[in-house]
Amino acid sequence: MTRKSNGDIGNRSTIRDVAARAGVSASTVSRVLAGDYPVSTATRTRVMRAVRELDYVADARAKAIAGVGTPTLAFVLDDITGPSFAHMAHGVEREATRLGHLCLVCSTDGDTEQELEFIETMRAQRAAAVILVGGTADTAEYRARMSRIADSLASAGSRLVLCGRPPLDPGTPVTVIEYDNESGAYALCAHLLAQGHRRVLFLGGKPENTTAQGRERGYLAAHRARGIEPDPELRLAGDFTRDSGHRRIRQALAQSLEFTAVMASTDMVAAGALTALHEAGLSVPDDVSLVGYDDIAFARDLHPPLTTVHVPYEELGRLAVRTALGRTPDAPNEHLLLGTHVVVRDSVAAVPGQLVPDASARVSSQAPTGGLT
């Protein structure tokens, strides 16, 4: 018997084709496929045989509109290759599966139009929630766009969740889940300062990125709390990649910048910085101390193991799912904040003769949610 191929869109089988082949009504086919209405074994067998013969695939959008099929939620991020985002995606997927939902992932490469198109698709398919992840430029245009998206999703029975993104105006139907980004950076920089470092090179992110801004604010606040105004030449902007860290260390050395420590805005940046320092014949931490941010898995396997800030990315993902599915779509603005803490390993050494007594206690007391472990 000849089978229709669903790879040929022009000849795609419909539910009416299945009904005609099985000798039943289209509504009976729908009931068999949905499994939500009792039908005889013989009828079910005929319908499923017709489905196989016609290679029929139920239209996901139609099933969503009808309120049947596996409920879905969407996870939208700029770059799926980033280790921290991968940990968050893992948390989202595991929690979604536990709660009986299918998780769809979209990587936009920072393309706003692609992000909007995907969100609209998820709205049409009645996704239970759309989770947007990662820092962005916090502009009036961004807030207006996100507010429209939140209202649009709520009207379709869905919920917008922002993870690590700026909160929106009160009354917007959105859930915002953040980690204490700035306090983590404060505690990390305070740890370096407590070891006697006064020339700390900061390898930041893109200036407009809210995550990068928070980490730079923590760096500056830690200095100013000790009455130190950091040299502006020691703040180098870039992005959150390994190559950016490598390039900026080479740039700093070529410019003969004086520094005794490097504070990298991510562990990936720190990995590139570490390689560049080694290539220049410098030892970490004997010649230069180095710290990162995120506490991704490989940070403990670098040589030396990297002192960094632990961010609970997987828990962020799990919490995003639990919170979104536990709220009505039109519930008012909700804002949750998770803590961070410094993980001390072997990449920091004290500057001889400048170690501040009781350094750990000072860091912990000045940054209650970003202390040392």
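The following refers to the structure shown.

What counts as what
- Residues numbered from 1 in each chain as written.
- Predicted model: local features only at pLDDT ≥ 70, side-chain atom pairs only at ≥ 80, totals over all residues.
- Heavy atoms only, no water.
- Helix = DSSP H or I, 4+ residues; strand = E, 2+ residues; numbered from the N terminus.
- Buried < 20%, exposed > 50% of the residue type's maximum accessible area, 1.4 Å probe, protein only.
- Contact = heavy atoms within 4.5 Å.
- Areas by Shrake-Rupley, 256 points an atom, 1.4 Å probe, with all protein chains shown as cover.
- Axes fitted to C-alpha atoms, helices over the stretch in contact; angles between N-to-C directions.
- Parallel < 35°, antiparallel > 145°, perpendicular 65-115°, else oblique.
- Left-handed = near helix turned anticlockwise from the far one by under 90°.
- Nonpolar A, V, L, I, M, F, W, Y, C, P; charged D, E, K, R; others polar.
- Salt bridge = Lys/Arg side-chain N within 4 Å of Asp/Glu carboxyl O.
- Phe/Tyr/Trp six-rings, centres within 6.5 Å; stacked < 30°, edge-to-face > 60°.
- Lys NZ or Arg CZ within 6 Å of the ring centre and 35° of its normal.
- Pairing = 2+ DSSP bridges.

**A short note on the overall build of the chain**
From N to C terminus, the chain includes 13 helices and 12 strands. Counting only residues that meet the buried cut, the chain has 49% of its 373 residues in that class. In the chain, 75% of the contacts between residues at least 6 apart in sequence involve partners at least 24 apart. Surface summary for the chain: the accessible area is close to 17000 Å², and the carbon and sulfur share equals 50%.

**Topic: the packing of helix H8 (residues 181–194) against helix H9 (residues 210–225)**
One can describe the packing of H8 onto H9 by two numbers: an axis separation of 7 Å at closest approach and a directional angle of 40°. On the basis of the axis angle, H8 is oblique to H9. At the point where H8 passes H9, the crossing takes the right-handed sense. Listed contacts from H9 to Asn181, Glu182, Ala185, Tyr186, Cys189, Ala190 and Leu193 of H8 are Thr210, Thr211, Gly214, Arg215, Arg217, Gly218, Tyr219, Ala221, Ala222, His223 and Ala225. Residue classes in the contact of H8 with H9 are distributed as 9 nonpolar, 6 polar and 3 charged.

**Re the pattern of salt bridges**
Scanning the model with the defined rule gives 17 salt bridges in all. Between Arg21 and Glu53 there is a salt bridge, and its shortest N-O distance comes to 2.9 Å. Here Glu53 lies in helix H3 (residues 41–54) and Arg21 lies in helix H1 (residues 15–22), a separation of 32 residues in the sequence. Note that Arg199 is salt-bridged to Asp231, the shortest N-O span being 3.1 Å. In this pair, Arg199 sits in the loop between H8 and strand E6 (200–203) while Asp231 sits in the loop between H9 and strand E7 (235–236), placing the two residues 32 residues apart along the sequence. Taken together, the salt bridges that share partners define one network made up of Glu95, Arg98, Glu314, Glu315, Arg318 and Arg322.

**What about unusual backbone geometry?**
Note the cis peptide between Val284 and Pro285, where omega equals 10°. Here Pro285 is to be found in the loop between helix H11 (267–279) and strand E9 (289–291). At the junction of His303 and Pro304, the peptide bond is cis and its omega measures out at 5° in the coordinates. Inspection of the secondary structure assignment puts Pro304 in the loop between E9 and strand E10 (308–310). With phi around 60°, Ser256 is a residue other than glycine that occupies positive phi space. Structurally, Ser256 can be placed in the loop between helix H10 (242–254) and strand E8 (261–264). When its relative accessible area of 58% is taken as the criterion, Ser256 is described as exposed. Phi is positive for Asp295, which is not a glycine, with a value near 60°. Inspection of the secondary structure assignment puts Asp295 in the loop between E9 and E10. On the basis of relative accessible area, Asp295 is assigned to the buried category, the value being 13%.

**Re the packing of aromatic side chains**
Applying the stated criterion across every chain, the model contains 2 aromatic pairs. When the centroid spacing of 5.8 Å and the interplanar angle of 75° are considered together, the rings of Tyr179 and Tyr313 count as edge-to-face. Of this pair, Tyr179 sits in strand E5 (residues 174–179) while Tyr313 sits in helix H12 (residues 313–325); the two residues are 134 residues apart in sequence, bridging distant segments of the chain. On the basis of relative accessible area, Tyr179 is assigned to the buried category, the value being 10%. One Lys or Arg, Arg215, reaches over the ring of Phe240 and ends 5.9 Å from the middle of that ring.

**Quick notes on the sheet that holds strand E3 (residues 129–133)**
Strand pairing within a sheet occurs via backbone hydrogen bonds; the two strands may be parallel or antiparallel. The 6 strands are arranged E2-E1-E3-E4-E5-E11 in an open sheet whose pairing can be described as parallel. Each having just a single partner strand, strand E2 (102–107) and strand E11 (334–338) make up the two edges of the open sheet. Within the sheet, the average angular offset between the axes of one strand and its neighbour, ignoring direction, is 15°. The pairing of E3 with strand E4 (residues 159–163) spans 5 bridges and is classified as parallel. Across the sheet, the residue bridging to Ala129 is Arg159, located in E4. Against the sheet, helix H5 (residues 83–98) engages strand E1 (72–77), E2, E3 and E4, with an angle of about 175° to E1. Each of E3, E4 and E5 is contacted by helix H7 (residues 140–155), which is oriented at about 140° to E4, the strand it contacts most.

**Details of the sheet that holds E9**
In space, the 4 strands of this open sheet follow the order E7-E6-E8-E9, with parallel pairing throughout. Every other strand in the sheet has two partners, leaving E7 and E9 as the edge strands with one partner each. Across 3 bridges, the pairing between E8 and E9 is parallel. Directly across from Val262, in E9, lies its bridge partner Leu290. H8 rests against E6, E8 and E9 of the sheet, and its axis sits at about 175° to E8.

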